[in-house]
Amino acid sequence: MPRPASGRRSSSPSSKTTFHMLRHDMASRMKGTHMFDLKDIQKQLGHSSIQITMDIYTHIDEEQNQKVSGWLESGVNDLLGSRQIQ
């Protein structure tokens, strides 16, 4: 199935949910809770090395970093009033 530029699959009603998609969703949710580390996720998925897990699931950290950066920038801009940071 082609992926949009965001790298995520289409969520159109015609999309067929596969076991692989459910597995990825579970691992992403585990990572998102901050209750499990990558080693826990590796064991749950049965990856032979932590590198495989890291290659697939570290994008979640990058997305979170972008959200945090935007949130911080917004807060600083609110503090500065009309003088926004570049």
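Residues numbered from 1 in each chain as written. Predicted model: local features only at pLDDT ≥ 70, side-chain atom pairs only at ≥ 80, totals over all residues. Heavy atoms only, no water.

Colleague: Tell me what's going on with the overall build of the protein, and back it up with residues and numbers.
Modeller: In terms of helices and strands, the protein carries 4 helices and 0 strands. Put simply, the protein runs from its N terminus to its C terminus through helices and strands in the order α-α-α-α. Taking contacts inside the protein between residues at least 6 apart in sequence as the whole, the part at least 24 apart equals 25%. (Helix = DSSP H or I, 4+ residues; strand = E, 2+ residues; numbered from the N terminus. Contact = heavy atoms within 4.5 Å.)

Colleague: Tell me about the nonpolar core, and please be specific about residues and values.
Modeller: Note on soluble globular proteins: their nonpolar side chains tend to be buried together. Of all hydrophobic cores here, the largest spans 6 residues; its members are Ala27, Met30, Leu38, Ile41, Leu45 and Tyr57. Breaking this core down by element, the ones donating at least two residues are α1 (19-33) and α2 (38-45). Sorting elements by how many residues they give to this core places α2 first, with 3 residues. Not counting the four nearest positions on each side in its chain, Ala27 is found in contact with Ile41, Leu45 and Tyr57. (Core = buried A, V, L, I, M, F, W, Y, C linked by side-chain atoms within 4.5 Å. Buried < 20%, exposed > 50% of the residue type's maximum accessible area, 1.4 Å probe, protein only.)

Colleague: Explain unusual backbone geometry residue by residue, including any values.
Modeller: The backbone of His34 sits at a positive phi, close to 65 degrees, despite the residue not being glycine. Within the secondary structure, His34 is located in the loop between α1 and α2.

Colleague: Could you give me a rundown of the side chain of His47, with the residues and numbers involved?
Modeller: Checked against the element boundaries, His47 lands in the loop between α2 and α3 (50-57). For His47, the side chain forms a polar contact with the side chain of Thr53, separated by 2.6 Å. Ignoring sequence-local partners within four residues, the contact set of His47 consists of Arg23, Gln42, Ile52, Thr53, Ile56 and Tyr57. (Polar contact = N/O pair within 3.5 Å; in protein donor to acceptor, adjacent residues only side chain to side chain.)

Colleague: Lay out α1 with the relevant residues and their values.
Modeller: Taking 1.5 Å per residue as the helical rise, α1 with its 15 residues ought to reach 21 Å, and the 21 Å between its terminal C-alpha atoms agrees with that figure. By the burial criterion, the buried members of α1 are Ala27, Ser28, Met30 and Lys31. What you see down the axis of α1 is that its buried residues fit within an arc of 155 degrees, all on one side. Exposed positions of α1 whose direction lies more than 90 degrees from the buried face are Phe19, Leu22 and Arg29. (Expected span 1.5 Å × (residues − 1). Arc of directions from axis to C-beta.)

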